[in-house]
Each structure stands twice: as C-alpha cells, then as structure tokens.
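Each chain, letter by letter, is given below.
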Amino acid sequence: MIDHLKQVDSRRLYQRIADQIRALIESGSYPAGARLPPERDLAVQLGVSRPSVREALIALELDGSVEVRMGAGVYVCNLPATSKQPVPAMGESPIELMQARVVLEGSVVMMACARCTPDALAALRESLDGMRNAIAEGSSPLQHDRQFHLGIAAMSGNTVLTRLIGELFDERHSPISSRLSGRAETPQTWSEAVDEHEAILRALEGRDVMGAHTAMCRHLGASQHRWTEPSRKEWS
C-alpha cells in the first residue's frame with residue numbers, strides 16, 4: 001500500500017525557475033539594488049536553458065521583484081509583500097507556445113494546400129498586403145497577421161483546428177508573452193515576418209504541400225527565435 005503520494009508541481013517551468021531566483025534574493029545573496037548574475041550564469045547555476053531564464057526574469061519583472069534595465073542588466077527591487085507566495089501564472093510559456101504552433105500549424109497548412117480556392121488565396125494576399133501597409137504606416141500589423149494564420153486554418157475545413165490556432169495566437173496577449181514580444185518586435189522583425197508569410201503563400205498558390213509545411217515551420221521557428229533570442233545587451 002502507498003502511504004504517501006508525492007505532489008506533482010504542475011506549474012509552468014518559468015514559474016518554478018522564478019521561484020528559485022527569488023529564493024536566492026530572499027536568502028540575501030542578492031539584496032535590493034544588487035545586479036543579478038548574467039542570464040547565461042543563472043542558466044548554468046539552475047540547470048536550465050537561457051530562454052527559460054529569460055521567461056522567469058520577465059515573470060519576476062512583472063511581479064515587481066526585479067527591474068530590467070536596457071543595456072545594464074537585471075537589478076533586484078525591494079521585494080513586494082506578496083513575495084512569500086509562489087510566482088503566479090502569467091500565461092503560457094512563450095517557448096512552449098511557439099513549439100505548439102509549429103506542430104499544429106505545420107500540419108494544418110498541409111491540409112489547406114488540398115482545399116485552397118482562388119478566393120481564399122486572395123484573402124490571404126489581402127492580409128499580407130495589410131501587414132505591409134501597416135508596417136509602412138508605423139502601425140501594428142498584428143491583426144492582419146492573425147487574419148493570415150486563421151485564414152489558412154479555415155482553409156483546412158476543420159473548425160476545431162481553426163479554433164485552437166486562434167486560441168494559441170491570442171495567447172500572445174498574455175502578460176508574459178506581451179512583455180516578451182514588446183521587447184523583441186520592431187519594424188525590421190515584422191518585415192522579416194512578412195517575407196516568411198510570402199513564402200508560405202507562394203507555396204499554397206503552387207499547391208506545394210511540403211513547401212508550405214517547410215515555410216510555415218521556418219516562419220514559426222524564426223518567430224520563436226525573435227521572441228526568445230533578442231539582443232543580449234539588455235540581459236547581460
């Protein structure tokens with residue numbers, strides 16, 4: 001007979017890492033005003049990846065435990081009264097979110113290839129043109145970006161997959177994803193995304209199933225890289 005069952009920590013990885021960093025702060029290793037070790041050193045110390053440390057530091061910044069200073073590193077703040085509580089969830093891990101999108105949208109775009117129509121392709125072209133125009137005007141192309149991805153999902157003919165892709169896309173509005181994307185996205189990165197969308201659309205227009213799959217996976221992989229691997233100056 002099993003007398004005790006070990007409780008499983010189902011919280012997101014960035015929450016668990018953030019708690020470990022905050023425990024170091026609370027132990028006195030890094031008092032208020034002190035600069036935390038570079039991201040790479042924290043990753044080695046905690047045995048996790050640098051992008052995961054980045055997510056944890058953003059969670060701590062949102063929690064008020066640290067301050068990220070552009071080009072100067074991460075500094076400890078006076079801990080908030082809630083610091084004794086575990087770091088709360090602030091949305092899905094951006095890393096895991098983009099990985100899930102690669103798996104799902106990489107498959108869906110292949111389904112779309114077999115069902116795309118001239119009208120549907122024209123709608124995708126309109127969304128892509130909308131992205132270009134928004135960038136040229138200095139406004140956010142995000143809504144057009146969403147229309148593009150959901151337009152492809154709708155072409156699959158599967159309403160469940162379309163709903164899931166919409167939900168995953170909208171997760172970028174969570175506190176942690178919004179802070180991360182807000183630091184990473186620039187007119188240059190959006191222009192790169194437009195070029196990647198163009199490659200996806202060209203593959204769909206050519207009914208190139210494997211080409212569409214490759215282009216979608218490259219785009220979402222590049223998006224993850226832009227989110228999680230921006231300039232190190234802010235964090236080093």
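It should be noted that the structure appears before, not after, this text.
Computed from a predicted structure; not experimentally measured. (Residues numbered from 1 in each chain as written. Predicted model: local features only at pLDDT ≥ 70, side-chain atom pairs only at ≥ 80, totals over all residues. Heavy atoms only, no water.)

Some points on the overall build of the chain
Note the cut-off: Each helix corresponds to a stretch of at least 4 residues labelled H or I by DSSP, and each strand to a stretch of at least 2 residues labelled E; elements are numbered beginning at the N terminus. Exposure is judged per residue with a 1.4 Å probe applied to protein chains only, and the accessible area is read against the type maximum: over 50% gives exposed, under 20% gives buried, and values in between give partly exposed. In this description, accessible areas are obtained by the Shrake-Rupley approach with a 1.4 Å probe, and a residue is regarded as covered only by the protein chains that are shown. As used throughout, the charge tally considers Lys and Arg to be positive and Asp and Glu to be negative, leaving His and the chain termini uncounted. Here the site of a charge means atom NZ of a Lys, CZ of an Arg, CG of an Asp or CD of a Glu.
If you tally the helices and strands in the chain, you get ten helices and two strands. The N-to-C order of helical and strand elements in the chain reads α-α-α-β-β-α-α-α-α-α-α-α. When each of the 236 residues of the chain is scored for burial, the buried share is 45%. For the chain, the exposed surface amounts to about 11700 Å²; the carbon and sulfur share of it is 53%. Across the chain, the mean location of the 26 positive side-chain charges is 4 Å away from that of the 30 negative side-chain charges.

Quick look at the pattern of salt bridges
Put simply, the test is: Salt bridge criterion: a side-chain nitrogen from Lys or Arg within 4 Å of a carboxyl oxygen from Asp or Glu.
With the rule as written, the count across this model stands at 20 salt bridges. In this structure, glutamate 198 engages arginine 125 in a salt bridge whose closest nitrogen and oxygen atoms are separated by 2.8 Å. Note that glutamate 198 is positioned in helix α9 (residues 187–205) and arginine 125 in helix α5 (residues 118–137), a separation of 73 residues in sequence. Note on glutamate 198: relative accessible area 12%, which makes it buried. For arginine 125, a relative accessible area of 24% corresponds to the partly exposed category.

What to know about the packing of aromatic side chains
Note the threshold: Each Phe, Tyr or Trp ring, with Trp reduced to its six-membered ring, pairs with another whose centre is within 6.5 Å; inter-plane angles below 30 degrees give stacked pairs, above 60 give edge-to-face pairs, and intermediate values give tilted ones. Comment: the charge-over-ring label is applied if NZ (Lys) or CZ (Arg) is within 6 Å of the ring centre and within 35 degrees of the ring normal.
Applying the stated criterion across every chain, the model contains zero aromatic pairs. The positively charged end of arginine 69 is found above the aromatic ring belonging to tyrosine 75, 4.0 Å away from the centroid.

Structural notes on the pairing of strand β1 (residues 66–69)
The test is simple: DSSP-based pairing: two strands are paired if at least 2 bridges between them are found.
Every second residue of β1 is oriented toward a common face, the buried set being Val66 and Val68 and the non-buried set Glu67 and Arg69. Bridge count between β1 and strand β2 (residues 73–76): four bridges; the pairing is antiparallel. By the bridge assignment for β2, glutamate 67 is matched with tyrosine 75. Taking the residues between adjacent antiparallel strands as the criterion, β1 and β2 are bridged by three residues, where glycine 71 takes a positive phi near 75 degrees.

Examining empty space enclosed by the protein
This is how the line gets drawn: Think of a 1 Å grid over just the protein atoms. A cavity is a set of points where a 1.4 Å probe fits yet cannot get out, a pocket is an open set with protein on both sides within 12 Å along at least five of seven lines, and lining residues have an atom within 4 Å of a point. Grid points are joined across faces, edges and corners, and a volume is the space filled by probe spheres set on the points. Under the scheme applied, nonpolar residues are Ala, Val, Leu, Ile, Met, Phe, Trp, Tyr, Cys and Pro; charged residues are Asp, Glu, Lys and Arg; polar residues are all the others, including Gly.
Under the counting rule described, the total for this entry stands at two cavities of 30 Å³ or more. Here the largest cavity defines a volume of roughly 170 Å³. Together, 17 residues line the largest cavity, and Arg172, Glu185, Ser223, Arg226 and Trp227 are the ones closest to its centre. Of all the secondary structure elements, the ones that give two or more residues to the lining of the largest cavity are α4 (94–115), α6 (142–155), α9 and α10 (209–228). Of all the elements, α10 adds the most residues to the lining of the largest cavity, at five residues. Of the residues assigned to the lining of the largest cavity, the class counts are seven nonpolar, five polar and five charged.

Some words on the packing of α4 against α10
Stated formally: Axes here mean lines fitted to C-alpha atoms, for a helix over just the part in contact, with angles spanning 0 to 180 degrees between N-to-C directions. Reported orientations rely on four angle classes, namely roughly parallel under 35 degrees, roughly antiparallel over 145, roughly perpendicular from 65 to 115, and oblique for the rest. Definitions for this section: a left-handed crossing has its near helix turned counterclockwise from the far helix by less than a right angle. A right-handed crossing has that turn clockwise. Note on contacts: a residue pair qualifies if any of its non-hydrogen atoms lie within 4.5 Å across the two residues.
It is at 8 Å that the axes of α4 and α10 come closest, and there the two elements cross at 165 degrees. On the basis of the axis angle, α4 is roughly antiparallel to α10. Once α4 is placed against α10, the crossing between them reads as right-handed. Mapping the contact onto sequence places Pro94, Ile95, Met98, Gln99, Arg101, Val102, Glu105, Gly106, Ser107, Val109, Met110 and Cys113 in α4 and Val209, Met210, Ala212, His213, Met216, Cys217, Leu220, Gly221, Ser223, Gln224, Trp227 and Thr228 in α10. Here the contact of α4 with α10 is built from residues that sort into 14 nonpolar, eight polar and two charged.

These values are about where atoms sit, not about what they do.
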